[in-house]
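# Structural description and commentary
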Amino acid sequence: YTCLSYVWGSKENMKCITLNGKPFQVTKNLWNFLSMASALKENDAVRMAESFWVDALSINQSALKEKNHLVQQMGQIYSEARQFISWFGDDPDIASLIRFARRYYSLGVLLEPGEIWQYLNSIRWFRDDRYWTRAWITQ
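Let me begin by describing the structure that accompanies this report. These numbers come from a predicted model, not from an experiment. (Residues numbered from 1 in each chain as written. Predicted model: local features only at pLDDT ≥ 70, side-chain atom pairs only at ≥ 80, totals over all residues. Heavy atoms only, no water.)

Let us look at unusual backbone geometry. Not every positive phi belongs to a glycine, and N13 is a case in point at roughly 60°. Note that N13 resides in the loop between β1 (2-6) and β2 (15-19). The residue N20 is not glycine, and still its phi comes out positive at about 55°. A relative accessible area of 75% places N20 in the exposed class. (Helix = DSSP H or I, 4+ residues; strand = E, 2+ residues; numbered from the N terminus. Buried < 20%, exposed > 50% of the residue type's maximum accessible area, 1.4 Å probe, protein only.)

And the structure:
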């Protein structure tokens, strides 16, 4: 399985998905990821995971005992995953920043000072994102 690491986001503007044949409400941020993953899975050129572990879907949020037990297991759940995906949302500036960083990292090229300026706002947003405040990210 692949773990999805993301920020739930606001419970306002919830979206409906079908989970085990039944309607299920998810936050807009998770819905955006699931929509993107579904579209990529239909594209033969992109390999997408067959199964995901998503806390909002895999943990019964209304069963406090189960929820507390599984939250304590998060380290183990993530460490046993084949891979994990960090989802920062669908902001095109962040997507551009990540593509840019991957390209330069894979080439082993150092950036010229002028090249950074075009991505400065995206870098600040990325650095300050709520994602980095999550307990299992900072541990």
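Moving on, we get to the environment of D129. In this fold, D129 is placed in the loop between α7 (120-128) and α8 (135-138). Residues D129 and V7, 122 residues apart in the sequence, show an inter-C-alpha distance of 9.3 Å.

By the definition in use, this model includes four aromatic pairs. Ring geometry for F33 against W87: centres 5.3 Å apart, planes inclined by 70°, an arrangement best described as edge-to-face. On the criterion of sequence distance, the pair formed by F33 in helix α1 (residues 28-41) and W87 in strand β5 (residues 83-87) is long-range, its members being 54 residues apart. Pair check on accessibility: F33 and W87 agree, each one buried. The interplanar angle of 65° and the centroid separation of 6.3 Å between the aromatic rings of Y78 and F84 together place this pair among those described as edge-to-face. An aromatic cluster of at least three residues, connected via ring pairs, comprises F33, F52 and W87. The positively charged end of K15 is found above the aromatic ring belonging to W31, 5.1 Å away from the centroid. (Phe/Tyr/Trp six-rings, centres within 6.5 Å; stacked < 30°, edge-to-face > 60°. Lys NZ or Arg CZ within 6 Å of the ring centre and 35° of its normal.)

No statement about biological role is implied by the geometric values presented.
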